[in-house]
Amino acid sequence: MKVLITGGLGFVGSHISNRFSDRGYEVVILDNDGHTSCINRIDKAKYNYPIILIGDIQDSSIYDKLDTDFDLVINSAAETHVDESFIRPTDFIKTNILGLHYLSKYCSDNDIPLIHLSTDEVIGNGEPLYEDSMTLPTNPYSATKASGESLLHAYGYCYNLNWKVVRLNNTYGTKQFPDKLIPYFITKLQDNEKLTIHGTGEQVRYFLNADDFVDAVELVMEKGENKNIYNVSTDESYTVIEVTKMICDGMGKNFDECVEYVEDRPFQDPIYLSNSDKLRSIGWKPKRSLKETLHELIIWYTHERDFFK
């Protein structure tokens, strides 16, 4: 099986790339080598070491250089940082909408199935999210991801694109760039710096292990229905304060001495209530928990301080 993985040098994309290489698939990675990309994420010891191409999915000329015999394309290329989306929304539109347009046309023109990674943030007002819920994004990032889903719906009809969507929770694991909550706080504590908690810290987030997510991608690839969305969500939820206390305890730090409260983020979403019954009905369930794996994460980020350098 020959698979093209866009954004394959990113956090989630690299976990997919390594798993598929383990399976013996012929993996080709297309990545723009941006500031959160890292070739070190790819396991070079694997026999089926992926081919890595440097390019951007929003560059229409890149598709003339790609093979047309892929059995599957997985799109994990995206701008994802919510705070950054307020500052430079045009970049999010270019990658998450225009880039997906070019990729979708490439797939439809060459009759290649596409699995697209989306987010539970397409509904951010605290209402339950089902696969057929009306999307109600509350920031530029989630708006572009909701628009991407709509684009796939349209291209499935007018270009007969074979597509599937998988929506993530807050995903964690090793090799995550330290601008996300868990690795960011671990790194801060290693440097004896204060942990900044936005607002009250009572925002609730569900946490999904990266390997559990790759399990979901594999299952949707094998058993998921064409032109369908699948929510990937866990039952493990914590407030930001609870996660921070877990990290402090795991590193032998006093929570009260390590944190400071700052002004809340603009338009902070209180919770994402993503329902994954549809995915679980075809055989998926989370196998790993943050509480059980946090110690491993602390060890990894402690020993790999120079990983992204």
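The structure contained in this document is the topic of the report that follows. Remember, it's a predicted structure, so these values are computed and weren't measured experimentally. (Residues numbered from 1 in each chain as written. Predicted model: local features only at pLDDT ≥ 70, side-chain atom pairs only at ≥ 80, totals over all residues. Heavy atoms only, no water.)

Observations concerning helix α4 (residues 140-158)
Helix length check: α4 (19 residues) gives 26 Å between terminal C-alpha atoms against 27 Å at 1.5 Å per residue, within 8%. Residues of α4 that are buried include every one of Tyr141, Ser142, Thr144, Lys145, Ala146, Gly148, Glu149, Leu151, Leu152, Tyr155 and Gly156, and no others. In this structure, the buried residues of α4 make contact with α2 (82-87), α3 (89-109), β5 (114-119), β7 (163-168) and β11 (228-231). Taken from the residues just after α4, Asn160 is the one with a positive phi, measuring 60°. (Helix = DSSP H or I, 4+ residues; strand = E, 2+ residues; numbered from the N terminus. Expected span 1.5 Å × (residues − 1). Buried < 20%, exposed > 50% of the residue type's maximum accessible area, 1.4 Å probe, protein only. Contact = heavy atoms within 4.5 Å.)

Focus: the pairing of β5
Within β5, 6 of the 6 residues are buried, leaving the element largely enclosed by the surrounding structure. Residue alternation in β5 divides its side chains into two sets, Leu114, His116 and Ser118 and Ile115, Leu117 and Thr119, and both sets are buried. One ladder, built from 3 bridges, connects strand β4 (residues 72-75) with β5; its direction is parallel. When the bridges of β5 are listed, Val73 appears paired with Leu114. The pairing of β5 with β7 spans 6 bridges and is classified as parallel. (Pairing = 2+ DSSP bridges.)

Regarding the nonpolar core
Counting 30 residues, the largest nonpolar core has Ile16, Phe20, Ile74, Val166 and Phe213 as the members making the most contacts within it. Going through the elements one at a time, β1 (2-6), α1 (11-22), β2 (26-31), β4, β5, β7 and α6 (210-223) are the ones with two or more residues in this core. If one sorts the elements of this core by residue count, α6 sits on top with 8 residues. For Ile74, the contacting residues outside a window of four places in its chain are Val3, Leu4, Ile5, Thr6, Ile16, Phe20, Ile115, Leu117 and Val217. Formed by 27 residues, the second largest nonpolar core is a distinct cluster that contains Tyr172, Leu195, Ile197 and Met246. (Core = buried A, V, L, I, M, F, W, Y, C linked by side-chain atoms within 4.5 Å.)

Thoughts on the state of the cysteines
Counted by the stated rule, this structure contains 0 disulfides. Cys248 takes part in no disulfide bond, and the closest cysteine sulfur, belonging to Cys258, lies 4.7 Å away. The class for Cys248 is buried, based on a relative accessible area of 0%. (Disulfide = S-S within 2.5 Å.)

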